[in-house]
Amino acid sequence: MLAKYWKKIGLLILIIACVFNIMGKLVNKLSLNKEMIYSAIYAIQHDENSENEKN
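Computed from a predicted model, the values in this text were never measured in an experiment.

How each quantity is defined
Residues numbered from 1 in each chain as written. Predicted model: local features only at pLDDT ≥ 70, side-chain atom pairs only at ≥ 80, totals over all residues. Heavy atoms only, no water. Helix = DSSP H or I, 4+ residues; strand = E, 2+ residues; numbered from the N terminus. Rg over C-alpha atoms; globule rule 2.2 N^0.38 Å. Areas by Shrake-Rupley, 256 points an atom, 1.4 Å probe, with all protein chains shown as cover. Expected span 1.5 Å × (residues − 1). Bend = angle between axes of the 7 residues up to and from the residue. Buried < 20%, exposed > 50% of the residue type's maximum accessible area, 1.4 Å probe, protein only. Patch = residues over 30% accessible without salt bridge, like charges linked within 9 Å, V, L, I, M, F, W, Y side chains within 5 Å. Salt bridge = Lys/Arg side-chain N within 4 Å of Asp/Glu carboxyl O.

Can you help me understand the overall build of the protein in this one?
In terms of helices and strands, the protein carries 2 helices and 0 strands. The C-alpha atoms of the protein give 23 Å as radius of gyration, which overshoots the globular expectation for 55 residues (10 Å, by more than 25%). Across its three principal directions, the C-alpha atoms of the protein cover 75 × 25 × 10 Å. Put simply, the protein shows about 5700 Å² of open surface, and 66% of that area lies on carbon and sulfur atoms.

Shown next, in the form of structure tokens:
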């Protein structure tokens, strides 16, 4: 019986795995506000490090 339905079972497992992957990424996604703050902090630190290396 398993040999007859292996493609459908495999496809179902693949779909379930994709749904869990997408849901996990959506749940753990940073908000846009936090992402912008972290980017600004990184840019400021990078500029400070570049200025310190020049001096």
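Looking at this structure, I do not really get helix H1 (residues 2-27). What am I missing?
Side chains three or four residues apart in an α-helix point the same way, a direct result of the helix having 3.6 residues per turn. For H1, with 26 residues, the first-to-last C-alpha span of 35 Å sits near the 38 Å given by 1.5 Å per residue. Lysine 8 marks where H1 bends most, by close to 35 degrees. H1 sits mainly on the outside: 0 of its 26 residues count as buried.

Help me understand a nonpolar patch on the surface in this model?
Taken together, the side chains of Leu11, Leu14, Ile15, Val19, Ile22, Met23 and Leu26 present a nonpolar region at the surface, about 680 Å² in accessible area. Structurally, the position occupied by methionine 23 is in helix H1. For methionine 23, a relative accessible area of 46% translates into the label partly exposed.

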